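Each chain, letter by letter, is given below.
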Amino acid sequence: MKVADLERAIRFYRDVLGFQVTQRYGPSAAFLSAGGYHHHIGLNTWESLGGQPPPPGTTGLYHAAILYPTRAELADALRRVLEAGIVLDGASDHGVSEALYLRDPDDNGVELYWDRPAAQWPRTPDGQLAMFTRRLDIEGLLHETDSARGSSLDPGTLDL
């Protein structure tokens, strides 16, 4: 990902979202991962140091989606997001998952979510998937934070 300020981006992805820095590439790039994998996210300022986000109405990535392995770990991420003063763009229950939507420091869209077990996914009478979008119970999710403290991401369940 092209970022304007590498240290600011590292603080967001490491301190707020819970990734670990696995390698620095001089002062202009860093690789971050979950659970010791070599990297899930690469950040660099090679073409973007001090740059601005693209203006609305231009093409680009809508958002990166980060899958947390459990509801408790998503709740812990939500707690860190709120403690960092980051405002959510949205929060939805999709039946198959619960999702939080926000912006990173470079105005990139980020979705944080966890998937319910497939056996719990809503289905039509003929067995087709019946996803929906409803308001997420943020308070209910925050009640999970006590059990989430101290957990870490599992690289096998990360989806970027």
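Read on for an overview of the structure. For clarity, every value in this text was computed on a predicted model and none was experimentally measured.

Digging into the side chain of Asp106
No. 1: Tracing the chain through its elements places Asp106 in the loop between β6 (97-103) and β7 (109-115).
No. 2: In this structure the side chain of Asp106 is engaged in a polar contact, spanning 2.9 Å, whose partner is the backbone nitrogen of Ala4.
No. 3: Within polar-contact distance, the side chain of Asp106 engages the side chain of Arg8 at 2.9 Å.
No. 4: Once residues within four sequence positions are removed from consideration, Asp106 is found in contact with Val3, Ala4, Asp5, Arg8, Ala9 and Pro53.

Regarding the sheet that holds β7
No. 1: With mixed pairing, the 5 strands of this open sheet are ordered in space as β4-β7-β6-β5-β8. Of all the strands in the sheet, just β4 (64-67) and β8 (134-135) have a single pairing partner and so form its edges.
No. 2: Alignment of strand β5 (residues 90-93) against β6, held across 4 bridges, turns out to be antiparallel. When the sheet's bridge partners are listed, Asp93 is paired in β6 with Glu98.
No. 3: The strands touched by helix α2 (residues 71-83) within the sheet are β6 and β7, with β7 carrying the most contacts at an inclination of about 150 degrees.

What about the pattern of salt bridges?
No. 1: Evaluated as defined, the whole model comprises 12 salt bridges.
No. 2: The salt bridge partner of Arg14 is Asp15, with a shortest N-O separation of 2.6 Å.
No. 3: Note on Asp15: relative accessible area 41%, which makes it partly exposed.
No. 4: Between Asp76 and Arg80 there is a salt bridge, with the nearest N and O atoms lying 2.5 Å from each other. Highlighted residues: Asp76 and Arg80, both in helix α2, separated by 4 residues, approximately one helical turn.
No. 5: Looking at Asp76, the relative accessible area reads 5%, which means it is buried.
No. 6: For Arg80, a relative accessible area of 18% corresponds to the buried category.
No. 7: Each of Arg71, Asp93, Glu98, Arg116 and Glu144 takes part in salt bridges that share partners, so that together they form one network.

So, how was this worked out
- Residues numbered from 1 in each chain as written.
- Predicted model: local features only at pLDDT ≥ 70, side-chain atom pairs only at ≥ 80, totals over all residues.
- Heavy atoms only, no water.
- Helix = DSSP H or I, 4+ residues; strand = E, 2+ residues; numbered from the N terminus.
- Polar contact = N/O pair within 3.5 Å; in protein donor to acceptor, adjacent residues only side chain to side chain.
- Contact = heavy atoms within 4.5 Å.
- Pairing = 2+ DSSP bridges.
- Axes fitted to C-alpha atoms, helices over the stretch in contact; angles between N-to-C directions.
- Salt bridge = Lys/Arg side-chain N within 4 Å of Asp/Glu carboxyl O.
- Buried < 20%, exposed > 50% of the residue type's maximum accessible area, 1.4 Å probe, protein only.

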